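Observations on the three-dimensional arrangement
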Amino acid sequence: MDNIENNNINLSQRDEINIFELMAELWNRKFFISSFTFLGTLIAVLYALYLPNIYKSVAMLTPANDNASGSPMLSQYSGMANLAGISLPSGDDDKVLEAIERIKSYDFFYNSFLPSIKLENLMAVKQWKPESNDLIYKEDDFDSVNDKWIREVSYPKLTIPSSQESFEVYKDIMTISKNKSFIQISMEHQSPFIAKKWTELIITEINRTMRFEDKSRTSKSIDFLNNQSLKISYEDIKQSLASLLQEQMKSLMLIEASEDYVFKIISSPLAPELKSEPKRSLIVVLGFLGSLILSVLYILTMQFIINNVKKAN
């Protein structure tokens, strides 16, 4: 029992000696630690200053409840409508989820978003000058004087960014989420005014495209029902077709009446005065802590290796 206690005492004393040795070594290498930490912090400061300000424009939306929600009368004729190839109105929630997925899709970006913007504003902006509200472009990518792309890239990238490459940037700067009955959509850009403009563009385009598609589909359904009612002589079927036609006319009226077809704006997007990124103070703090920890770990690792070599010899 005494031997065990003595061994424990010796181990604890040895640990204390090792700790004191490590602390002494760290103190002796304080100049290296301070120099390395200063250098790392300086790099973090320069990096934080190099990063351009990013502004986020946010809009809060709610479903436009007056667009094509199904009715109890219409549900009893759903079987007949499906056989005839007529799409009956779906619920508001289904329409909203469809709109959210469309906004995230390449098709929406290519057909509705990309044709309405300047490609260089998406792919080549370096900085925004708030004094003059001018954009500065990356000199190696875009020649703003001659309005020409000049970047040198290798395949599969092209001198003029492709729609697929641009779509990847679009996905990075666009955010859309649904929380209960509200939808939040935002765009990020070096210019707060472009961030606002693009947020408004997405809302306008998704309302316009889905409104146009539903209007076209409903108009075709009305034409089909009118034609069929002239061919059918059975009174019961004619009454069913008349009910379907009445609901389709109602849907068309609602589609025509509202510009806010899918989304209604609760809080309009603004051109923010304050940047959302980068968080320069956080970058500097992380640079300081990271370089300090790395310098200490380096000294401890080297001391551990030296001690093992001494023991081996």
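Moving on, we come to the overall build of the chain. Looking only at helices and strands, the chain has 11 helices and 8 strands in total. Counting the 313 residues in the chain, one finds 34% classified as buried. Contacts in the chain between residues far apart in sequence, at least 24 positions, make up 74% of those at least 6 positions apart. Accessible area of the chain: about 19,900 Å², with a carbon and sulfur share of 57%.

Time to look at the pairing of strand E1 (residues 55-63). Relative to strand E7 (residues 182-189), E1 runs antiparallel, the two being bridged by 7 bridges. Each residue of the ladder has a partner; that of Tyr 55, found in E7, is His 189. Strand direction decides the pairing type here: E1 and strand E8 (residues 263-267), joined by 4 bridges, are antiparallel. For Met 60, the partnering residue across the bridge sits in E8 and is Ser 267.

Our focus in this paragraph is the environment of Ile 33. Examined against the element boundaries, Ile 33 turns out to sit in helix H2 (residues 30-50). Take Ile 33: its relative accessible area is 11%, and that puts it in the buried class. Once the C-alpha coordinates of Ile 33 and Ile 299 are considered, the two residues, 266 residues apart in sequence, prove to be 8.7 Å apart. When near neighbours in sequence (up to four residues on either side) are disregarded, Ile 33 contacts Leu 26, Leu 292, Ser 295, Val 296 and Ile 299.

Looking at the chain as a whole, the pLDDT averages 83, with 83% of positions reaching at least 70. Confidence drops under pLDDT 50 across residues 13-17; counting only partners more than four residues distant or on other chains, this segment forms 0 contacts.

Two measures describe an aromatic ring pair: the distance that separates the ring centres and the angle between the ring planes. Scanning the entire structure with this criterion turns up 14 aromatic pairs. With centroids separated by 5.6 Å and ring planes inclined at 85°, the aromatic side chains of Tyr 55 and Trp 128 adopt a geometry described as edge-to-face. Here Trp 128 lies in strand E2 (residues 125-129) and Tyr 55 lies in strand E1, a separation of 73 residues in the sequence. A relative accessible area of 8% means that Tyr 55 is categorised as buried. Given a relative accessible area of 12%, Trp 128 falls into the buried group. Sitting above the plane of the Phe 32 ring, Arg 29 keeps its charged end 5.3 Å from the centroid. A cation over an aromatic ring shows up here: Lys 30 above the ring of Trp 27, its NZ or CZ 4.4 Å from the ring centre.

With that settled, the discussion passes to the nonpolar core. By size, the foremost hydrophobic cluster in this structure holds 38 residues, and its most contacted members are Ile 103, Phe 113, Tyr 170, Ile 185, Trp 198, Ile 202 and Phe 263. For this core, the elements supplying multiple residues, two or more each, are E1, helix H5 (92-104), helix H6 (106-113), helix H7 (119-123), helix H8 (163-173), strand E6 (174-179), E7 and helix H9 (192-231). It is H9 that contributes the most residues to this core, 7 residues altogether. Contacts of Ile 202, omitting those with residues within four sequence positions, involve Ile 103, Phe 108, Phe 113, Tyr 170, Met 174, Ile 185 and Met 187. In this structure, Ile 222, Leu 244, Leu 245 and Leu 252 belong to the second largest nonpolar core, which totals 5 residues.

Rules behind the numbers
- Residues numbered from 1 in each chain as written.
- Predicted model: local features only at pLDDT ≥ 70, side-chain atom pairs only at ≥ 80, totals over all residues.
- Heavy atoms only, no water.
- Helix = DSSP H or I, 4+ residues; strand = E, 2+ residues; numbered from the N terminus.
- Buried < 20%, exposed > 50% of the residue type's maximum accessible area, 1.4 Å probe, protein only.
- Contact = heavy atoms within 4.5 Å.
- Areas by Shrake-Rupley, 256 points an atom, 1.4 Å probe, with all protein chains shown as cover.
- Pairing = 2+ DSSP bridges.
- pLDDT = per-residue confidence, 0-100.
- Phe/Tyr/Trp six-rings, centres within 6.5 Å; stacked < 30°, edge-to-face > 60°.
- Lys NZ or Arg CZ within 6 Å of the ring centre and 35° of its normal.
- Core = buried A, V, L, I, M, F, W, Y, C linked by side-chain atoms within 4.5 Å.

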